[in-house]
2 protein chains.
Amino acid sequence: MVFFMKICIIGYGTVGRGVVELIHKKKLDVTVVGVCGRKCGVYDEDGIDLGSLIDGTKDVGLDKYPGVRKDIDANKMIDMKCADVYVELTPTNVVDGEPGYSFIRRILSNGCHAVTSNKGPVVLYYNELRKLALKNNVKFLYEATVGGAMPVLNLVRENLRGNRVASVRGILNGTTNYILTRMGSEGAGFSQILKEAQELGIAEADPAYDVEGVDAAAKAVIIANEFFSRDAHMEDVDVCGITRITPEFVSLAWKNGFSVKLIVEVGRDVLRVAPRLIERNHPLCVDGVLNAVNIKVDMAREVTVVGYGAGKYETAGAVISDILSI
Amino acid sequence: MVFFMKICIIGYGTVGRGVVELIHKKKLDVTVVGVCGRKCGVYDEDGIDLGSLIDGTKDVGLDKYPGVRKDIDANKMIDMKCADVYVELTPTNVVDGEPGYSFIRRILSNGCHAVTSNKGPVVLYYNELRKLALKNNVKFLYEATVGGAMPVLNLVRENLRGNRVASVRGILNGTTNYILTRMGSEGAGFSQILKEAQELGIAEADPAYDVEGVDAAAKAVIIANEFFSRDAHMEDVDVCGITRITPEFVSLAWKNGFSVKLIVEVGRDVLRVAPRLIERNHPLCVDGVLNAVNIKVDMAREVTVVGYGAGKYETAGAVISDILSI
């Protein structure tokens, strides 16, 4: 008999659906026993019929699904300890980290493993949650919070074992990279391209989170705590966004062999997000919505990884990679 | 009491010394019980004094080291089963894979783990050695054979867990990338730059292994067997080197936004090494001695990793990462 890991998914938005769809389509060796929405849940200790769930919630959401129960919510499902791994996929909130923070605390305190794609709790309560996981001898993984589908945290933890990280620099926000790339190739202004990016769904209706560097700063905090054992918080990051970058500046840089990129810089004593000139032939100089991270270490010298930092299946893929590693 | 993994190093050339120096300098939780040269060895079941070994062999090699024993060689040390992990670092030989092939077979048959940086045995006897490791329930790891310090094999195995690999393209030979980069930036001819690269120690005295694509082809074979469960061999690779690339061709490509790179392409039905035009802003388009690999997968879409494919400490670092993962 084969042992299938039991998982329960908290939060059935874009990423939650992506995770369920991939587990179903790829026939992964994982049994989904629970899926919770805001005030309802689907539960089957033998494994939910994912095909029916995907079809039945397509346009209407979880709360209209025939098999949904109103007497079950996330807290109840967590306390049932019905799964080996709880996958916390509620929306990111970098102000107080809720509701994800309370869910993750509860999961770890119950002695279950937690995987999340939610930056909020990881940014705000990194050391508290890491210690809680350690104390309860369970895993707490959050690869999807930094660079989406692009391996960063696990790359250092697993592939660069034994290396000491000296510094990290990277492009960790696809929206701003898209805007800067188009400013470079077309010479158009910031606000015009932002408007088009919003129409294409690449930028949010409220773009501040991306263009003012808040999203990149959140990732910088996670990297600082993870790689340098710091106790960093959002207010420790020296942040400058891209709103004052002009097409003239971008084009002057280009003529001299540089591109302008919003760069996250993290080291033992550095924690900064700012527009920087990057040489066109530097591995970090990737265009469009791509993300890239350059990690300087003592043995491998430096490794750069490039990939997609966002997207339904890309983010879901990072979550699944964490689940399968447990 | 802390348990330190016991390791034995077979082959004390550049990489072997690099591994010993890093273990010593970084105070890694590893006990080196044996180090073997061609017909001699150093052995101490409580752990060799690595500081003395490094100093005592600096200019003279292992066979002149005061503590060396002539009654111990690699085969004897392997059969003593004195280590948990044997690290096979003899020179690469892609003709018959010896002596590494026989050493690795013996290590695995004895029920010990094997780590190697030696492409020969992995290229020639991939499936046989993998099966032998599986049968004896031990690990056989060889990250350093593909891309040196740059994680490729373990990246897919660990970080992209659950992903199906669709195709792999990459620059996997630093020497040819260095030559092509300089042809592009200086407009000089192939043979002139090759000569300078030889003087700098970037190219070998016999450059055929690099410039005719043999080294890249060996890596292509390992990738084909590892990611696509193929039974590929050197003769299955469609190889074209860079010896006929002219400065005119490189500069014409450059004017049109491309660089010429020696590209390895591997898929379920593809196994090829050839010069290709790569768009300047593509993540694979890295210059100098850098290597880069672009991996297309089903969930993360695509991930590119860039790093140093060779070098004493870079290669030693990949070996150490494999050792620590056991």
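Caption draft 1: The arrangement of the pattern of salt bridges in detail. Tallying each qualifying case throughout the model produces 37 salt bridges over all chains. For Arg106 of chain A, the salt bridge is made with Asp79 of chain A, and the minimal N-O distance between the two is 2.7 Å. Here Asp79 of chain A lies in helix H3 (residues 74-79) and Arg106 of chain A lies in helix H4 (residues 100-109), a separation of 27 residues in the sequence. Taking relative accessible area as the criterion, Asp79 of chain A reaches 39% and is therefore assigned partly exposed. Residue Lys312 of chain B is joined to Glu21 of chain B by a salt bridge in which the shortest nitrogen-to-oxygen separation is 3.2 Å. Of this pair, Lys312 of chain B sits in helix H12 (residues 312-325) while Glu21 of chain B sits in helix H1 (residues 14-25), placing them 291 residues apart in sequence. A relative accessible area of 21% places Glu21 of chain B in the partly exposed class. In this structure, a network of salt bridges that share partners links the residues Asp238, Glu265, Arg272 and Arg276 of chain A.

Caption draft 2: Quick look at the pairing of strand S9 (residues 258-267) of chain B. Residue and element names in this part refer to chain B. Of all 10 residues in S9, nine are buried, a share of seventy percent or more. In this sheet, S9 lies alongside strand S7 (residues 165-171) in antiparallel orientation, the contact comprising four bridges. What sits directly across from Arg169, in S9, is Glu265. Looking at chain direction, S9 and strand S10 (residues 271-279) are connected through nine bridges and run antiparallel. Within S10, the position partnered with Ile263 by the bridge is Ala274. Linkage of S9 to S10, two consecutive antiparallel strands, is achieved through a turn of three residues.

Caption draft 3: Expanded view of the sheet that holds strand S6 (residues 140-141) of chain A. Residues and elements named next belong to chain A. Taken together, the six strands give an open sheet; going across it, the order is S3-S2-S1-S4-S5-S6, and neighbouring strands pair in mixed fashion. If you trace the sheet from one side to the other, it starts and ends with strand S3 (41-43) and S6, each paired once. As paired strands, strand S2 (residues 30-36) and S3 are joined by three bridges and run antiparallel to one another. Among the inter-strand pairings, Val35 is bridged to a residue of S3, identified as Val42. Set on the sheet, H4 makes contact with strand S1 (5-10), strand S4 (85-88), strand S5 (113-116) and S6; between it and S5 the angle comes to about 155°. Along the sheet, helix H12 (residues 312-325) contacts S1, S2, S4, S5 and S6; its crossing angle with S5, the most-contacted strand, is approximately 165°.

Caption draft 4: Spatial organisation of unusual backbone geometry. Cis geometry is found at the peptide bond from Glu98 of chain A to Pro99 of chain A, where omega equals 5°. Structurally, Pro99 of chain A can be placed in the loop between S4 and H4. With a phi close to 55°, Asn137 of chain A is a non-glycine residue in the positive phi region. Residue classification places Asn137 of chain A among the exposed positions, given a relative accessible area of 70%. Although it is not a glycine, Lys27 of chain B sits at a positive phi angle of roughly 50°. Locating Lys27 of chain B in the fold gives a position in the loop between H1 and strand S2 (30-36).

Caption draft 5: A look at the packing of H4 of chain A against helix H5 (residues 119-135) of chain A. Residue and element names in this part refer to chain A. The N-to-C vectors of H4 and H5 enclose an angle of 10°; their axes lie 11 Å apart at closest approach. In terms of axis orientation, H4 runs roughly parallel to H5. Across the interface between the two elements, Gly100, Tyr101, Ile104, Arg105, Leu108 and Ser109 of H4 pack against Pro121, Tyr125, Glu128, Leu129, Leu132 and Ala133 of H5. When the residues that make up the contact of H4 with H5 are grouped by side-chain class, the tally is eight nonpolar, two polar and two charged.

Caption draft 6: Summary view of the environment of Ile10 of chain A. Residue and element names in this part refer to chain A. Among the structural elements, Ile10 can be located in strand S1. Sequence spacing of Ile10 and Glu88 is 78 residues, and the spatial spacing of their C-alpha atoms is 4.9 Å. Ignoring any residue separated from it by four or fewer positions in sequence, one finds Ile10 in contact with Cys36, Ala74, Ile78, Tyr86, Val87, Glu88, Leu89, Thr90 and Phe103.

Caption draft 7: Quick peek at the interface of chain B and chain A. Chain B puts 37 residues into the contact, and the matching count from chain A is 37 residues. Area buried by chain B at its contact with chain A is led by Asn159, Arg161 and Met299 of chain B, which between them contribute 21% of it. At the surface where chain B touches chain A, the tally comes to six salt bridges. Ionic pairing is found between Glu314 of chain B and Arg301 of chain A, a salt bridge with its closest N-O pair at 2.6 Å. Inspection of the region where chain B meets chain A yields 18 residue pairs in polar contact (both at pLDDT 80 or more). Of all elements in the fold, only helix H6 (153-159), strand S12 (302-308) and H12 of chain B reach the threshold of two or more residues within the side of chain B that touches chain A. Among the residues forming the side of chain B that touches chain A, the class breakdown is 17 nonpolar, 10 polar and 10 charged.

Caption draft 8: Structural view of the state of the cysteines. This model, assessed by the stated rule, comprises zero disulfides over all chains. Here Cys36 of chain A is not disulfide-linked; the sulfur of Cys8 of chain A is the nearest cysteine sulfur, at 4.4 Å. With no disulfide of its own, Cys82 of chain B lies closest to Cys8 of chain B among cysteine sulfurs, the gap being 4.8 Å.

Caption draft 9: Spotlight on the relation of the copies chain B and chain A. Placing chain B over chain A gives an RMSD of 0.0 Å and needs a rotation angle of 180°, together with 0.0 Å of translation along the axis. The operation mapping one copy onto its partner corresponds to a two-fold rotation axis. By C-alpha distance to the rotation axis, the residue of chain B lying nearest is Val305 of chain B, at 2.2 Å.

Caption draft 10: Representation of H12 of chain B in the model. All names here are of chain B. In a regular helix each residue adds 1.5 Å, so 14 residues correspond to 20 Å; H12 covers 20 Å between its end C-alpha atoms and thus fits that length. With 10 of 14 residues buried, H12 is to be regarded as a mostly interior element. Among all positions of H12, only Glu314, Thr315, Ala316, Gly317, Ala318, Val319, Ile320, Ser321, Asp322 and Ile323 are buried.

The rules behind each value
- Residues numbered from 1 in each chain as written.
- Chains lettered and ligands numbered in written order.
- Predicted model: local features only at pLDDT ≥ 70, side-chain atom pairs only at ≥ 80, totals over all residues.
- Heavy atoms only, no water.
- Salt bridge = Lys/Arg side-chain N within 4 Å of Asp/Glu carboxyl O.
- Helix = DSSP H or I, 4+ residues; strand = E, 2+ residues; numbered from the N terminus.
- Buried < 20%, exposed > 50% of the residue type's maximum accessible area, 1.4 Å probe, protein only.
- Pairing = 2+ DSSP bridges.
- Contact = heavy atoms within 4.5 Å.
- Axes fitted to C-alpha atoms, helices over the stretch in contact; angles between N-to-C directions.
- Parallel < 35°, antiparallel > 145°, perpendicular 65-115°, else oblique.
- Nonpolar A, V, L, I, M, F, W, Y, C, P; charged D, E, K, R; others polar.
- Buried area = accessible area lost by both parts, 1.4 Å probe.
- Polar contact = N/O pair within 3.5 Å; in protein donor to acceptor, adjacent residues only side chain to side chain.
- Disulfide = S-S within 2.5 Å.
- Least-squares fit on C-alpha atoms with pLDDT ≥ 70 in both.
- Expected span 1.5 Å × (residues − 1).

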